[in-house]
Every structure is written in C-alpha cells, then in structure tokens.
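Each chain, letter by letter, is given below.
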Amino acid sequence: MSHANEPRDADARALSQALHEQEQQAPVPDVSEALQQRLRVETRDSGVLYVLVQVLLLAALVAAGAWYFWH
C-alpha cells in the first residue's frame, strides 16, 4: 500500500477539513468593550498610589545603599 493512499491520511485530511470548516463558522467574539474596560481599570490603578509606592521603594534602596557605604 502506498503512503499516499493510507486510510489514516484520508482520515486526518477529513478531520482537518471538518475542523477548518467549523472554525470558519464559529462566531468571533467582540472583545473591544472588555479591552477598553480593562484599560480604564489599569489606568486608574496606576495613579498616585503606584507613584508613591515606587518613590518609597527607591528611597529605601538609596537609604540601604548609603547605610552600606558608610558602615
């Protein structure tokens, strides 16, 4: 039996074709509203509190470096 005519190849091609057709028929969800809401939440969360935490962490790092240097 030649490799081109094996039943497994035909089954694989049929399955591939069926999956491709099913994928073409599946509705594509609209995610734009969800993405906009997520962007609004992340923008709001990165406000003053985020900046304050970053400044405190930087100050702690500088203080630790200064303490290490002088002791």
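What counts as what
- Residues numbered from 1 in each chain as written.
- Predicted model: local features only at pLDDT ≥ 70, side-chain atom pairs only at ≥ 80, totals over all residues.
- Heavy atoms only, no water.
- Helix = DSSP H or I, 4+ residues; strand = E, 2+ residues; numbered from the N terminus.
- Buried < 20%, exposed > 50% of the residue type's maximum accessible area, 1.4 Å probe, protein only.
- Areas by Shrake-Rupley, 256 points an atom, 1.4 Å probe, with all protein chains shown as cover.
- Patch = residues over 30% accessible without salt bridge, like charges linked within 9 Å, V, L, I, M, F, W, Y side chains within 5 Å.
- Salt bridge = Lys/Arg side-chain N within 4 Å of Asp/Glu carboxyl O.
- pLDDT = per-residue confidence, 0-100.

Novice: Account for the overall build of the protein chain, naming residues and giving values.
Specialist: Within the protein chain, the regular secondary structure consists of three helices and zero strands. Each helix (α) and strand (β) of the protein chain, taken in turn from the N terminus, gives the series α-α-α. A total of 71 residues make up the protein chain; the buried ones form 1% of that total. With an accessible surface of roughly 7,000 Å², the protein chain has 65% of that area assigned to carbon and sulfur atoms.

Novice: Tell me about a nonpolar patch on the surface, and name the residues and values.
Specialist: A surface patch of nonpolar side chains, about 500 Å² in accessible area, is lined by Leu49, Leu52, Val53, Leu56 and Leu57. Mapped onto the elements, leucine 49 comes out in helix H3 (residues 48–70).

Novice: Describe the pattern of salt bridges, with residues and values.
Specialist: All told, the structure shown has one salt bridge when counted by the stated rule. When the shortest N-O distance is used, the salt bridge between arginine 40 and glutamate 33 registers 3.7 Å. Exposure remark for glutamate 33: the relative accessible area of 47% places this residue in the partly exposed category.

Novice: Break down the confidence of the model for the protein chain for me, citing the residues and quoting the values.
Specialist: Residue-level pLDDT values for the protein chain average 80, and 83% of them are 70 or greater. Per-element mean pLDDT across the protein chain ranges from 78 in helix H2 (residues 32–45) up to 91 in H3.

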